[in-house]
Amino acid sequence: MAMKPVWFLLFFLLPFLVSFECLRVHAFTGTYGINYGRIADNIPSPNEVVTLLRAAKIRNVRIYDADHSVLKAFGGTGLELVVGLPNGYLKDMSANESNAMNWVKENVQAFISDTDICGIAVGNEVLGGTDNELWGQLLGAVKNVYNALKKLGLTKVVQITTAHSQAVFANSFPPSACVFKDGVDQYMKPLLEFFSEIGSPFCLNAYPFLAYMSNVNDIDMNYALFQPTQGVRDSKTGLHYDNLLDAQIDAAYAALEDAGFKKMEVIVTETGWASRGDSNEAAATVNNARTYNYNLRKRLAKKKGTPMRPNNVVKAYIFATFNENSKPGATSERNFGLFKANGSIAYDIGFRGLKASSAGSLRFSLKAFRALDWCSSYPLMVTISAVAQLLLL
């Protein structure tokens, strides 16, 4: 029997291959993302934010809740969204599986056919935080949310994570000496074991700004800002660091290795620099914020790893989209935005502010396909498109 042409085989195999790929957990495209915080009463609407982010070509977005107005606005946009389950929900989610199921149904399943929800961040900076009761509730909440996703058939498209601050570490300098703090490790290791089983990364909120502010005498400003410097050498490994963020990431890798999780990936879920601060926050200036975020963008565009993990490309979500005028605390807390409340740029790192053009002109819509009853799922749409292109070759 004559051999079938390659294109003939591809015609029949491609739908299965494309559908399989679309069902894989894919919580981060590329290397650059942004946090969309909304603790403010004067920022643009979610629809305007979609326009802003698409114009900036920022595809990866994290929010700190699952606000339905945001989920609806992001529908059909191609933006990949990680929703947040706030710390205040952890007790209920940990105590009862049905609570987790209801939350997932109402805030994920109800929107995922149109909105690209690729992840759920269960809590934020819980371990090492001030509410010790939450430490014991985090893993139960994570497991119950994951089990809800599993029962709904969503574990292949929605990834479960939780973000940690630097407060979970001890001995973070040099990077190779870093370990998890006593007291934290007993909660961290079971969590990491579960994340290792389901393929989730270690999420780190890493701020060279905060590290510099807490140790201005020993940390070179240029080292924190990705500027030319002699850098720092790790005396144990001999590895050289030319910027502080890489050192912070490798400190996390060292702690993971010490805990027995050498292969786990680290993703930076928050990093940024304040453009304004109080009198005791001298480093919080527009010029420093511009320098840090511009250089960070260049560093991420290189798609390279760190000295300790050169093959693990660094991925980071920038904090934050807007200056948020209702955040409590120091003045710096309200001035991490790349954009001002009116949608204009806070400083120039290559993005544009809001324009008068309609958000609709920058969006592609899945709803049009549904109106024609052509398909009911994203993988099927991609399959049809791919086969159509193949037939045109």
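Quantities reported herein were computed from a predicted structural model and do not represent experimental measurements.

Enquirer: Mind showing me how you'd approach the layout of surface pockets here?
Expert: Roughly 870 Å³ of volume is contained in the largest pocket. Every residue lining the largest pocket is counted, 33 residues in all, and those nearest its centre are Q166, N205, Y207, L210 and A211. At the level of secondary structure, the elements contributing two or more residues to the lining of the largest pocket comprise α8 (208–214) and α10 (244–259). Looking at the lining of the largest pocket element by element, the count peaks at four residues for α10.

Enquirer: Got a minute to help me understand the environment of A110 in this structure?
Expert: Mapped onto the elements of the fold, A110 is located in the loop between α5 (97–109) and β4 (117–124). Judged by its relative accessible area of 51%, A110 falls in the exposed class. The spatial distance from the C-alpha of A110 to the C-alpha of H68 is 9.9 Å, given a sequence separation of 42 residues.

Enquirer: It is not clear to me how the side chain of E324 should be interpreted in this structure. Could you clarify?
Expert: Mapped onto the fold, E324 is located in the loop between β12 (316–318) and α12 (367–371). Buried and without a salt bridge, E324 has K327 as its closest oppositely charged side chain, separated by 4.8 Å. At a separation of 2.8 Å, a polar atom in the side chain of E324 contacts the main-chain amide nitrogen of I39. Among all residues touching E324, those that are not within four sequence positions of it are G37, R38, I39, A40, F319 and R334.

Enquirer: Please explain helix α2 (residues 46–55) as it appears in this structure.
Expert: Note that an α-helix has 3.6 residues per turn; residues three or four places apart therefore point the same way. Of all the residues in α2, the buried ones are P46, V49, V50, T51, L52 and L53. Looking one or two places after α2, you find K57, whose phi comes out positive at around 60°.

Enquirer: Which parts of the structure should I look at to understand the pattern of salt bridges?
Expert: Think of it this way: side chains of opposite charge can pair up when their charged atoms draw near. Counted by the stated rule, this structure contains eight salt bridges. Among the salt bridges present, the one from R38 reaches D65, with a minimum N-O distance of 2.7 Å. On the criterion of sequence distance, the pair formed by R38 in the loop between β1 (32–35) and α2 and D65 in the loop between β2 (60–62) and α3 (68–73) is long-range, its members being 27 residues apart. What makes R38 partly exposed here is its relative accessible area of 24%. According to the relative accessible area criterion, D65 is partly exposed, its value standing at 23%. Put simply, K315 and E265 hold a salt bridge, and the shortest N to O gap is 3.4 Å. Of the two residues, K315 sits in the loop between α11 (286–301) and β12 while E265 sits in the loop between α10 and β11 (266–271), which places them 50 residues apart along the sequence. E265 gets classed as partly exposed once you look at its relative accessible area, which sits at 26%. A network of salt bridges, in which partner residues are shared, links R38, D65 and D67.

Enquirer: For this particular structure, what's the right way to read the nonpolar core?
Expert: A general tendency of soluble globular proteins is for nonpolar side chains to be buried together. Core analysis: the biggest nonpolar cluster contains 109 residues, and F74, V83, I120, F180 and F202 have the highest contact counts within it. The element best represented in this core is α10, accounting for eleven residues. In this structure, V83 is in contact with I63, D65, A66, L71, W103, V108, I117, G119, I120 and A121, ignoring residues within four places of it in sequence. Counting seven residues, the second-largest nonpolar core is a separate cluster that includes F28, C118, I267 and Y317.

Enquirer: What am I meant to see in empty space enclosed by the protein here?
Expert: A water-sized probe, rolled over the atoms, reveals where empty space remains. A full pass over the atoms with the stated rule returns two cavities of 30 Å³ or more. Of the voids in this model, the largest cavity is the one considered here, and its volume is about 110 Å³. Around the largest cavity sit 13 residues that line it, and A27, V82, Q159, T161 and Y317 are the ones nearest its centre. Broken down by class, the residue content of the lining of the largest cavity amounts to eight nonpolar, four polar and one charged.

Enquirer: Can you walk me through the pairing of β1 in this structure?
Expert: The two faces of a sheet get side chains in turn, since along a regular strand they alternate between them. Burial of the side chains of β1 extends over both faces: Y32 and I34 are buried on one face and G33 and N35 on the other. Pairing analysis gives three bridges linking β1 to β12, with the strands arranged parallel. Directly across from Y32, in β12, lies its bridge partner A316. With three bridges connecting them, β1 and β2 associate as parallel partners. In the strand pairing of β2, N35 is matched with R62. Following the chain from β1 across α2 to the adjacent parallel β2, one finds a crossover that is right-handed.

Definitions and cut-offs
- Residues numbered from 1 in each chain as written.
- Predicted model: local features only at pLDDT ≥ 70, side-chain atom pairs only at ≥ 80, totals over all residues.
- Heavy atoms only, no water.
- 1 Å grid on protein atoms, 1.4 Å probe; cavity = no way out; pocket = protein on both sides within 12 Å on 5 of 7 lines; lining within 4 Å.
- Points joined across faces, edges and corners; volume = space filled by probe spheres on them.
- Helix = DSSP H or I, 4+ residues; strand = E, 2+ residues; numbered from the N terminus.
- Buried < 20%, exposed > 50% of the residue type's maximum accessible area, 1.4 Å probe, protein only.
- Lys, Arg positive; Asp, Glu negative; His and termini not counted.
- Salt bridge = Lys/Arg side-chain N within 4 Å of Asp/Glu carboxyl O.
- Polar contact = N/O pair within 3.5 Å; in protein donor to acceptor, adjacent residues only side chain to side chain.
- Contact = heavy atoms within 4.5 Å.
- Core = buried A, V, L, I, M, F, W, Y, C linked by side-chain atoms within 4.5 Å.
- Nonpolar A, V, L, I, M, F, W, Y, C, P; charged D, E, K, R; others polar.
- Pairing = 2+ DSSP bridges.
- Right-handed = clockwise from strand over helix to strand, strands pointing away.

That's the geometry; what it means functionally is another story.
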